[in-house]
Amino acid sequence: MMTQTKPTVHLTPQQIVKYHREGFLVLESITTPEDVELIRELLDGLFDRYEQLPKDLTVDLGEEIGHKGKLRSPQINNPIQLEPRLAETLYYRNAMHVAEQLLGEGVRNTWNHAILKPPHNGRATPWHQDLAYPMRTSKDPNILRFGCNFWMPLQKATVESGCMQFIPYSHLSNLRPHFPAGHNPNNYTLETDEVDPRLAVAGPIPAGGCTIHSPKTLHYTAPNDTDVPRRTFILNIAHPLE
């Protein structure tokens, strides 16, 4: 049994204002190296048996749904369901605590996923707003509106390896039209167009650092052009609709 730990990360008033003003926040640390190593071990165990996992919990973000070729950006949906110890980590506890500081009490982990970008994977995650995904099946504009998404790399995340890049203030506008990446209806990944990349702010961070963004914030990650796998554990935390 893992030891229960109290939250150790507390935002400053300035950080809270910055998040709500710009739509994202970059933290150099949200957990300890030991916690990162534990999460890496748990997620590596899942990725090592990726082909044996339930098919409804796996998707390749870099290729067509159901393809049989090389995995470009394999994603595991809801890894906490498969490995409950992930919900006992310091990262999880700190993320929930930080989300309460940003959103108020009563938040829940509404979704979680892990993404692996292999070395030189050749696939970017195109510009999009996360809110576009649940809106494919819901017409309620308030769904996950009051939420925030935590993106933590398990190794150093650089521009070259595909760190997060954001368009500041984009969360203040309406949800944009989205379409399957490359206008290919067999792609799971969504994208939007007419984004000016010159406005982008990159968020390179060390392992155990974290970016936090609104579900309406435009963001992008480049292909992993390094020799090292880029792995991330992502938590979506919100006041869900009842």
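First things first, this report covers the structure right here in the doc. Predicted, not measured: the structure shown is a model, and the values here were computed from it. Starting afresh in each chain, residues are numbered from 1 along the sequence in its written order. Local features are withheld for residues below a pLDDT of 70 in this predicted model, meaning they are given only at 70 or higher, and side-chain atom pairs are given and counted only at 80 or more; totals for whole chains, interfaces and linings count all residues. Calculated side-chain values reflect all of the structure's heavy atoms, with hydrogen atoms and water omitted.

### Section: the state of the cysteines
The rule for a disulfide is simple: a pair of cysteine sulfur atoms within 2.5 Å. Enumeration over the complete set of coordinates arrives at 0 disulfides. Residue Cys 148 stays outside any disulfide, its sulfur separated by 9.2 Å from that of Cys 210, the closest cysteine. With a 1.4 Å probe rolled over the protein chains alone, any residue whose accessible area is under 20% of its type maximum counts as buried; one over 50% counts as exposed, and the rest are partly exposed. Looking at Cys 148, the relative accessible area reads 0%, which means it is buried. For Cys 210, a relative accessible area of 0% gives the class buried.

### Side note on the pattern of salt bridges
One side-chain nitrogen of Lys or Arg within 4 Å of one carboxyl oxygen of Asp or Glu is enough to make a salt bridge. Per the counting criterion, the structure on display carries 7 salt bridges. Arg 21 is the salt-bridge partner of Glu 22, the closest N and O atoms lying 3.4 Å from each other. Asp 196 is the partner of Arg 198 in a salt bridge, and the nearest nitrogen-oxygen pair spans 3.0 Å. Given the relative accessible area of 26%, Asp 196 is considered partly exposed. By sharing partners, the salt bridges in this structure join Lys 18, Arg 21 and Glu 22 into a single network.

### Let's talk about the pairing of strand β3 (residues 74–77)
The helix count covers DSSP runs of H or I at least four residues long, the strand count covers runs of E at least two residues long, and both are numbered beginning at the N terminus. Across the two faces of β3 the burial is the same, with Pro 74 and Ile 76 and Gln 75 and Asn 77 all buried. Strands are treated as partners if at least two bridges between them are detected by DSSP. Relative to β3, strand β2 (residues 58–60) is paired through 3 bridges, and the arrangement is antiparallel. Following the sheet pairing, Thr 58 is matched in β3 by Ile 76. The pairing of β3 with strand β4 (residues 108–117) spans 3 bridges and is classified as antiparallel. Pairing of Asn 77 across the sheet is with His 113, part of β4.

### Observations concerning the sheet that holds strand β6 (residues 147–153)
In space, the 7 strands of this open sheet follow the order β1-β11-β6-β13-β4-β3-β2, with antiparallel pairing throughout. Two strands bound the open sheet, and with one partner strand each, they are β1 (24–27) and β2. Strand after strand, the sheet turns through a mean of 20 degrees between neighbouring axes, direction not considered. Contacts are assigned to residue pairs that have any heavy atoms within 4.5 Å of one another. All axes here are fitted lines through C-alpha atoms, helices being fitted over the stretch that makes contact, and every angle between N-to-C directions spans 0 to 180 degrees. Along the sheet, helix α1 (residues 13–22) contacts β1, β6 and β11 (210–213); its crossing angle with β1, the most-contacted strand, is approximately 135 degrees.

### Focus on helix α2 (residues 33–48)
For a helix, the expected span equals 1.5 Å multiplied by the number of residues minus one. Its 16 residues place the ends of α2 22 Å apart at the C-alpha level, agreeing with the 22 Å of an ideal helix rising 1.5 Å per residue. Asp 35, Val 36, Ile 39, Arg 40, Leu 42, Leu 43, Leu 46 and Phe 47 are the residues of α2 that are buried. Each element contacted by the buried residues of α2 is listed here: β3, α3 (79–82), α4 (90–103), β4, β6 and β13 (230–238).

In short, shape yes, function no, at least from these values alone.
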